[in-house]
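# Coordinates in review
Okay, here's what each chain looks like letter by letter:
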Amino acid sequence: MRTWANELSEHTHNYVRRGGKHNRQKQVALIIDFLEYTDSHEKITSLHRLGARNVVNFWKAHRNLSEKTAYDYWLGLCKLWGWLGKPGKPPKPHKQFEAQEKPRQQQPIFPDIATALRSARESQSLTVLKLANMAGCEVALIESLEAGKSDSLLPEIQGILRALNIKFYVGQQQ
């Protein structure tokens, strides 16, 4: 029997005996699958030699996993990390890595603040009253801004911009 398998059995024996047995057996099976993959590509002499690099290589090789299956593997790896006393959590599944690597989508640029406020409020399905409550301002201020009739200064409307998650740029966007 491999060394890592002996080390793993010390952790899994009591884990599988208690709690939801079916789920725990499935989690252990996924952990073993990860370890067998890692051992076949890089010989593992001890579980404590596992690191983030091994997990990232696993995700790269298993890009075809569904979101749910990748998440199940990640939960199993979190359990393994806990058993080994490793700090933090293991790297997340590949689909979350790909989302970070994608170029940022171009944000819409609006000609005036009235159009931006109305569009952002409607896209979030907020009423004027609900937005006023979220931003801590008067309903009349939002209505006048959306109508393009207000002479309010930026400090007066910052709460509204924050509530709608609007980034405000003067001049050219960087």
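This is a predicted model, so every value here is computed, not measured.

### Description of the overall build of the chain
Per the secondary structure count, the chain includes nine helices and zero strands. For the chain, the proportion of its 174 residues judged to be buried stands at 33%. Sequence separation of 24 or more characterises 56% of the internal contacts of the chain that already satisfy a separation of 6 or more. For the chain, the accessible area works out to roughly 11,700 Å², and carbon and sulfur atoms hold 50% of it.

### Examining the packing of aromatic side chains
Taken as a whole and assessed by the stated rule, the structure comprises five aromatic pairs. Here the aromatic residues F34, Y37, F58, W59 and Y73 are joined through ring pairs into a cluster of three or more. Of note, K86 hangs over the ring of W81, and the distance from its end group to the ring centre comes to 5.9 Å.

### Here we look at the pattern of salt bridges
Within the structure shown, the criterion is met by four salt bridges. Residue D72 pairs with K26 through a salt bridge whose shortest N-O separation is 3.2 Å. Of the two residues, D72 is situated in helix α4 (residues 67–84) and K26 in helix α2 (residues 21–41); the sequence distance between them amounts to 46 residues. Overall, the relative accessible area of 38% leaves K26 in the partly exposed class. Its salt-bridge partner being K68, residue D72 comes within 3.0 Å of it at the nearest N-O pair. In this pair, D72 and K68 are both assigned in helix α4, four residues apart and thus about one turn of the helix distant. One network of salt bridges, in which partners are shared, links K26, K68 and D72.

### As for the packing of helix α7 (residues 128–135) against helix α8 (residues 139–147)
Interhelical geometry of α7 versus α8 gives an angle of 115° and a closest axis separation of 9 Å. At the point where α7 passes α8, the crossing takes the right-handed sense. When α7 is examined against α8, the residues V128, L129, L131 and A132 are found in contact with a partner set consisting of V139, I142, E143 and E146. Looking at the contact of α7 with α8, its residues break down into six nonpolar, no polar and two charged.

### Re the nonpolar core
Residues L8, F34, L35, L50, W59 and L80 are the most contacted members of the largest nonpolar core, which totals 26 residues. At the level of secondary structure, the elements contributing two or more residues to this core comprise α1 (3–17), α2, α3 (52–61) and α4. Examining the composition of this core, we find that nine residues originate from one element, α4, more than from any other. Listed in part, the 14 residues of the second largest apolar core include L117, L141, L145 and I160.

### Points about the confidence of the model for the chain
Per-residue confidence for the chain averages 81 on the pLDDT scale, and 87% of its residues sit at or above 70. Predicted confidence in the chain is weakest over helix α5 (residues 94–101), with a mean pLDDT of 52, and strongest over α4, with 91. Per-residue pLDDT stays below 50 along residues 97–101; that stretch engages in five contacts with residues further than four places along the chain or on separate chains.

### Overview of α3
Residues of α3 that are buried: N54, V55, F58 and W59. Projected onto a plane normal to the axis of α3, the buried residues spread over an arc of 135° and lie on a single side. Facing away from the buried side of α3 by more than 90 degrees, the exposed set consists of R53 and K60.

### What to know about the environment of Y15
You can see Y15 is positioned in helix α1. Once the C-alpha coordinates of Y15 and V28 are considered, the two residues, 13 residues apart in sequence, prove to be 9.0 Å apart. Not counting chain neighbours up to four residues away, the residues in contact with Y15 comprise R24, Q27, V28, K79 and W83.

What counts as what
Residues numbered from 1 in each chain as written. Predicted model: local features only at pLDDT ≥ 70, side-chain atom pairs only at ≥ 80, totals over all residues. Heavy atoms only, no water. Helix = DSSP H or I, 4+ residues; strand = E, 2+ residues; numbered from the N terminus. Buried < 20%, exposed > 50% of the residue type's maximum accessible area, 1.4 Å probe, protein only. Contact = heavy atoms within 4.5 Å. Areas by Shrake-Rupley, 256 points an atom, 1.4 Å probe, with all protein chains shown as cover. Phe/Tyr/Trp six-rings, centres within 6.5 Å; stacked < 30°, edge-to-face > 60°. Lys NZ or Arg CZ within 6 Å of the ring centre and 35° of its normal. Salt bridge = Lys/Arg side-chain N within 4 Å of Asp/Glu carboxyl O. Axes fitted to C-alpha atoms, helices over the stretch in contact; angles between N-to-C directions. Left-handed = near helix turned anticlockwise from the far one by under 90°. Nonpolar A, V, L, I, M, F, W, Y, C, P; charged D, E, K, R; others polar. Core = buried A, V, L, I, M, F, W, Y, C linked by side-chain atoms within 4.5 Å. pLDDT = per-residue confidence, 0-100. Arc of directions from axis to C-beta.

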